[in-house]
Amino acid sequence: MKVTRRKFIQISGAAAAGLATGNLGFDLSPVMAHAQMLKTKYAKETITICPYCAVGCGAIVHTSKKGDGRVINIEGDPDHVINRGSLCSKGAGLSGLVENENRLLEPMYRAPYANVWKQVSWDWAIGEIARRVKKTRDADFTKKNAKGQIVNRTTAIASVGSAAMDNEECWIYQALMRAIGLVYIEHQARI
Amino acid sequence: MPGKSFFIDTLLCMACKGCQAACKQWHDLPAEKTVNRGTYQNPADLSFVTYKLVRFNETVIDGKLKWLFFPDQCRHCMEPPCEMTADDPRAIFRDPATGAVIYTADNKNIDVHEVIESCPYNIPRTARDGTLAKCDMCNDRVRNGLLPACVKTCPTGAMNFGDREEMLVMARRRLATVKKIHPKAKLLDPDDVRVIYLVTEDPMLYHSFAVASNSAFDISRKVALNKLLRPLNRLTAGL
């Protein structure tokens, strides 16, 4: 047998262990009891659907019952007919969508020709979006087409919707876009 | 101690990395910065914060390209060389109920690098401060009647977990079926470890540490025998 470093140390380590083995003399019960505590033990369970693809896997979201109610864990829902508890890597990483230090918590604004983003308030951002949408829409609004038919539309704005929106969110979004007069409404419809 | 075991059928693995992500998620481990190295295997290797890694290998066998997937993790050896090398149950111990080999943060009295070198599968990794980490079989989940996170999430049934006898039966039955199409198929070290892989090609093509060197467990068995013969050694030595 050619003794490599790995093997050599194995042998010497094992020999040393052979001289003084027998796992007696240490009380491991606190360590082992800790190892048996489930982090989701006191969590609230809510079911949800993974937003990432068209398969529509069911997941269980564990949130803290105390204090902030943040997400502790998200895993596949064994009772869900589609995935029976399984999730792919995207689904298995779902909690990273919510609990993520890189996640933006405030709206960011980059002014035209600026090269830096600055944090702005929600009030300012929503007001500014509404103002600009209204301005563009009013400037382009078409009541009648070339044939004289009533169309009430704008072709100056397009909406590229979110794949992560669920059915109900899509309905509200669609209603808003139609009310403004948009016809270019695109959505990577999944769930 | 029959305990628990995994059966990992690499033939069913499609390398979605669900196990890898679920493992990180359950253990609250951070992501690692990765770079495009021309392979989907990311991060490049196991680490202090990556206990489970799907290894990708492209190889040509009989003129055909084969893409081999190997969801690598701690094998939870029946007689773990790392546990014996450490020889300090405060640092490394086995849960008698499941057989899970558990590393604690209490590593003051062990030679961390010797422990790493003792592993026939090159699994343990250290943090900067020298603390060891690796797969813990999701012992908290298992002791509470849940499947390990990696097994729970597996969409194809490549990852299986249960009582050891049950897993051995499953592994042998599956091997018999697979052998009809893949004559080179075999189980990796089924008698020595709790994580039994089924591979259809030479294990070295999957990962250089896919199987243990022949000597590794012979030594362990001798040590185990010593243990049986001298159970009171530590007590009589007065620690």
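About the cut-offs
- Residues numbered from 1 in each chain as written.
- Chains lettered and ligands numbered in written order.
- Predicted model: local features only at pLDDT ≥ 70, side-chain atom pairs only at ≥ 80, totals over all residues.
- Heavy atoms only, no water.
- 1 Å grid on protein atoms, 1.4 Å probe; cavity = no way out; pocket = protein on both sides within 12 Å on 5 of 7 lines; lining within 4 Å.
- Points joined across faces, edges and corners; volume = space filled by probe spheres on them.
- Helix = DSSP H or I, 4+ residues; strand = E, 2+ residues; numbered from the N terminus.
- Nonpolar A, V, L, I, M, F, W, Y, C, P; charged D, E, K, R; others polar.
- Pairing = 2+ DSSP bridges.
- Axes fitted to C-alpha atoms, helices over the stretch in contact; angles between N-to-C directions.
- Contact = heavy atoms within 4.5 Å.
- Buried < 20%, exposed > 50% of the residue type's maximum accessible area, 1.4 Å probe, protein only.
- Core = buried A, V, L, I, M, F, W, Y, C linked by side-chain atoms within 4.5 Å.
- pLDDT = per-residue confidence, 0-100.
- Phe/Tyr/Trp six-rings, centres within 6.5 Å; stacked < 30°, edge-to-face > 60°.
- Lys NZ or Arg CZ within 6 Å of the ring centre and 35° of its normal.

## A closer look at the layout of surface pockets
Phase 1 of the analysis: Considering only enclosed or pocket space, the largest pocket measures out at about 840 Å³ in volume.
Phase 2 of the analysis: In terms of lining residues, the largest pocket is bounded by 25 residues, among which Gly96 of chain A together with Lys24, Leu29, Pro30 and Ala31 of chain B are the most central.
Phase 3 of the analysis: Mapped onto the lining of the largest pocket, the elements with two or more residues apiece are β3 (71–76), α3 (89–92) and α4 (95–98) of chain A together with α1 (18–26) of chain B.
Phase 4 of the analysis: Residue contributions to the lining of the largest pocket peak at four residues, all from α1 of chain B.
Phase 5 of the analysis: Residue composition of the lining of the largest pocket, grouped by class: eight nonpolar, ten polar and seven charged.

## A word on the sheet that holds strand β8 (residues 182–186) of chain A
Residues and elements named next belong to chain A.
Phase 1 of the analysis: The sheet built from three strands is open, its strands ordered β6-β7-β8 with mixed pairing. Two strands in the sheet have a free side with no partner beyond their single neighbour: β6 (142–144) and β8. Going from strand to strand, the sheet's axes swing by 30 degrees on average, the running direction of each strand aside.
Phase 2 of the analysis: Those strands touched by helix α5 (residues 122–140) are β6 and β7 (150–160), and its axis lies near 140 degrees from that of β7.

## Observations concerning the sheet that holds strand β1 (residues 4–9) of chain B
Residues and elements named next belong to chain B.
Phase 1 of the analysis: The mixed open sheet is built from four strands, whose spatial order is β8-β1-β10-β9. The open sheet terminates on both sides in strands that have one partner only, identified here as β8 (159–163) and β9 (186–187).
Phase 2 of the analysis: The pairing of β9 with strand β10 (residues 195–199) spans two bridges and is antiparallel. Across the sheet, lysine 186 pairs through a bridge with valine 199, a residue of β10.

## Observations regarding the pairing of β8 of chain B
Residues and elements named next belong to chain B.
Phase 1 of the analysis: Counting buried residues along β8, four of its five residues qualify, which places the element largely inside the surrounding structure.
Phase 2 of the analysis: One ladder, built from five bridges, connects β1 with β8; its direction is antiparallel. Pairing of serine 5 across the sheet is with glycine 162, part of β8.

## Section: unusual backbone geometry
Phase 1 of the analysis: A cis amide bond, omega -10 degrees, links asparagine 42 of chain B with the succeeding residue proline 43 of chain B.
Phase 2 of the analysis: Here proline 43 of chain B is to be found in the loop between α1 and β2 (53–61).
Phase 3 of the analysis: Even without being a glycine, arginine 84 of chain A presents a positive backbone phi close to 45 degrees.
Phase 4 of the analysis: Tracing the backbone shows arginine 84 of chain A in the loop between β3 and α3.
Phase 5 of the analysis: For arginine 84 of chain A, a relative accessible area of 63% puts it in the exposed group.
Phase 6 of the analysis: Backbone geometry at lysine 17 of chain B places phi at a positive 70 degrees, although glycine is not the residue there.
Phase 7 of the analysis: By secondary structure assignment, the location of lysine 17 of chain B is in the loop between β1 and α1.

## Quick word on the nonpolar core
Residue and element names in this part refer to chain B.
Phase 1 of the analysis: Counting residues in hydrophobic clusters, the biggest one holds 27 residues, and the most contacted among them are Phe6, Phe70 and Met159.
Phase 2 of the analysis: At the level of secondary structure, the elements contributing two or more residues to this core comprise β1, β2, β3 (64–72), α5 (149–153), β8 and β10.
Phase 3 of the analysis: Leu53, Cys77, Tyr121 and Ala212 belong to the second-largest nonpolar core, a separate cluster that totals 15 residues.

## Notes on the confidence of the model for chain B
Residue and element names in this part refer to chain B.
Phase 1 of the analysis: Within chain B, residue pLDDT values average 90, and 89% of them lie at 70 or more.
Phase 2 of the analysis: The lowest-confidence element of chain B is helix α9 (residues 233–236), averaging 48 in pLDDT; the highest-confidence one is β1, averaging 98.
Phase 3 of the analysis: This stretch, residues 230–239, has a pLDDT under 50; its non-local contacts, to residues over four places away or in other chains, come to 19 contacts.
Phase 4 of the analysis: Across the assembled chains, the prediction reports ipTM 0.84 with pTM 0.80.

## Regarding the packing of aromatic side chains
Phase 1 of the analysis: Overall, the coordinates contain nine aromatic pairs over all chains when judged by the stated rule.
Phase 2 of the analysis: Both rings, one in phenylalanine 6 of chain B and one in phenylalanine 161 of chain B, keep their centres 4.8 Å apart while their planes meet at 70 degrees; by these two values the pair is edge-to-face. With phenylalanine 6 of chain B in strand β1 and phenylalanine 161 of chain B in strand β8, the pair connects residues that are 155 residues apart, well separated along the chain.
Phase 3 of the analysis: Relative accessible area serves as the criterion here: at 0%, phenylalanine 6 of chain B is assigned to the buried category.
Phase 4 of the analysis: Counting every residue linked through ring pairs, the aromatic cluster contains Tyr40, Phe56, Trp67 and Phe69 of chain B.
Phase 5 of the analysis: Over the ring of tryptophan 26 of chain B we find lysine 39 of chain A, and its NZ or CZ is 4.8 Å from the ring centre.
Phase 6 of the analysis: Looking at arginine 137 of chain A, its charged tip hangs above the ring of phenylalanine 141 of chain A, at a distance of 4.5 Å from the centre.

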